[in-house]
Amino acid sequence: MLAEHIFLGFLGLAFGLSVATGSFAIAVKLGIIPEMASKSKTAKHIITYENATILGGIAGNIMSVFSDIRFPAGHIFLGLFGISAGIFVGCMAVALAEIINAYPIMMRRLKLKIGLEWMVAVIAIGKMSGCLFYFLRGFDSGA
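Residues numbered from 1 in each chain as written. Predicted model: local features only at pLDDT ≥ 70, side-chain atom pairs only at ≥ 80, totals over all residues. Heavy atoms only, no water.

Draft legend 1. Just the overall build of the protein chain, in detail. Looking only at helices and strands, the protein chain features six helices and zero strands. Each of the three principal axes of the protein chain carries a C-alpha extent, and together these read 65 × 45 × 30 Å. Counting all 143 residues of the protein chain, 11% fall into the buried class. Put simply, of all contacts in the protein chain between residues at least 6 apart along the chain, 49% involve residues at least 24 apart. Averaging the coordinates of the 11 positive side-chain charges in the protein chain and doing the same for the 7 negative ones gives two points 15 Å apart. (Helix = DSSP H or I, 4+ residues; strand = E, 2+ residues; numbered from the N terminus. Buried < 20%, exposed > 50% of the residue type's maximum accessible area, 1.4 Å probe, protein only. Contact = heavy atoms within 4.5 Å. Lys, Arg positive; Asp, Glu negative; His and termini not counted. Charge placed at Lys NZ, Arg CZ, Asp CG, Glu CD.)

Set out below in structure tokens:
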């Protein structure tokens, strides 16, 4: 029984590491971290950003694989984590859309000349509303 748990823990950690590696590879290819550092004029702290990203990925991987581990940090930390994760996912989505030129193609097909900032804001509000609905209803209350 213990051997099975150790084996399953190892497999979960190994598969999680492979998924995390793919996520980091996309983030590196899209250039999210250097772009954010240059936009915020804090490029001299790029090593700190990269280390924080790596440590966050490792911590998230461990906490998702070993879900019985509790991290007693309180609601404030949970809110900060949620905001940080949302900003990261948003930056990843925008960077990916920028790389594949999704917005210019969509603007041209919809024949829009102005209003890109409103379109992005509405997409973000829709995403936020969907996430809030999902989280407030609970994870297990599916159809």
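So, next bit.
Draft legend 2. Layout of the nonpolar core. If you look at the biggest cluster of nonpolar residues, it comprises five residues: Ala27, Leu30, Ile32, Met92 and Ala95. At the level of elements, α1 (2-30) and α4 (74-99) are the ones that each hand at least two residues to this core. With residues near it in sequence (within four places) discarded, isoleucine 32 still touches Ala27, Cys91, Met92 and Ala95. (Core = buried A, V, L, I, M, F, W, Y, C linked by side-chain atoms within 4.5 Å.)

Draft legend 3. Quick look at the environment of methionine 1. Structurally, methionine 1 can be placed in the segment before α1. Here methionine 1 falls in the exposed class, since its relative accessible area comes to 71%. Taking the C-alpha atoms as reference points, methionine 1 and valine 19, 18 residues apart in sequence, are found 27 Å from one another.

Draft legend 4. Examining helix α2 (residues 32-39) more closely. Taken together, the buried positions of α2 are occupied by Ile32, Ile33 and Ala37. Summarising the axial view, the buried residues of α2 lie within an arc of 125°, below the 170-degree limit, and thus occupy one face. In the segment just after α2, lysine 41 is the residue with positive phi, at about 60°. (Arc of directions from axis to C-beta.)

Draft legend 5. Representation of the packing of α2 against helix α3 (residues 46-65) in the model. Their axes nearest at 10 Å, the elements α2 and α3 cross at an angle of 135°. Classed by the angle they form, the pair α2 and α3 counts as oblique. Remark: the crossing between α2 and α3 carries right-handed chirality. Contacts between α2 and α3 involve Ile33, Pro34 and Ala37 from the first element and Ile46, Tyr49, Glu50 and Thr53 from the second. Here the residues of the contact of α2 with α3 are counted per class, giving five nonpolar, one polar and one charged. (Axes fitted to C-alpha atoms, helices over the stretch in contact; angles between N-to-C directions. Parallel < 35°, antiparallel > 145°, perpendicular 65-115°, else oblique. Left-handed = near helix turned anticlockwise from the far one by under 90°. Nonpolar A, V, L, I, M, F, W, Y, C, P; charged D, E, K, R; others polar.)

Draft legend 6. Spotlight on a nonpolar patch on the surface. Taken together, the side chains of Ile54, Leu55, Ile58, Ile62, Phe66 and Ile69 define a hydrophobic patch exposed on the protein surface, amounting to about 520 Å² of accessible area. Inspection of the secondary structure puts isoleucine 62 in helix α3. On the basis of relative accessibility, which here comes to 34%, the residue isoleucine 62 falls in the partly exposed class. (Patch = residues over 30% accessible without salt bridge, like charges linked within 9 Å, V, L, I, M, F, W, Y side chains within 5 Å. Areas by Shrake-Rupley, 256 points an atom, 1.4 Å probe, with all protein chains shown as cover. Salt bridge = Lys/Arg side-chain N within 4 Å of Asp/Glu carboxyl O.)

Draft legend 7. Summary view of the packing of α1 against α3. At a closest axis distance of 10 Å, the pairing of α1 and α3 adopts a crossing angle of 145°. The crossing of α1 and α3 is right-handed. Contact residues: α1 offers Gly9, Gly12, Leu13, Gly16, Leu17 and Phe24, while α3 offers Thr53, Ile54, Gly57, Asn61 and Val65. Taken together, the residues that form the contact of α1 with α3 break down as five nonpolar, six polar and no charged.

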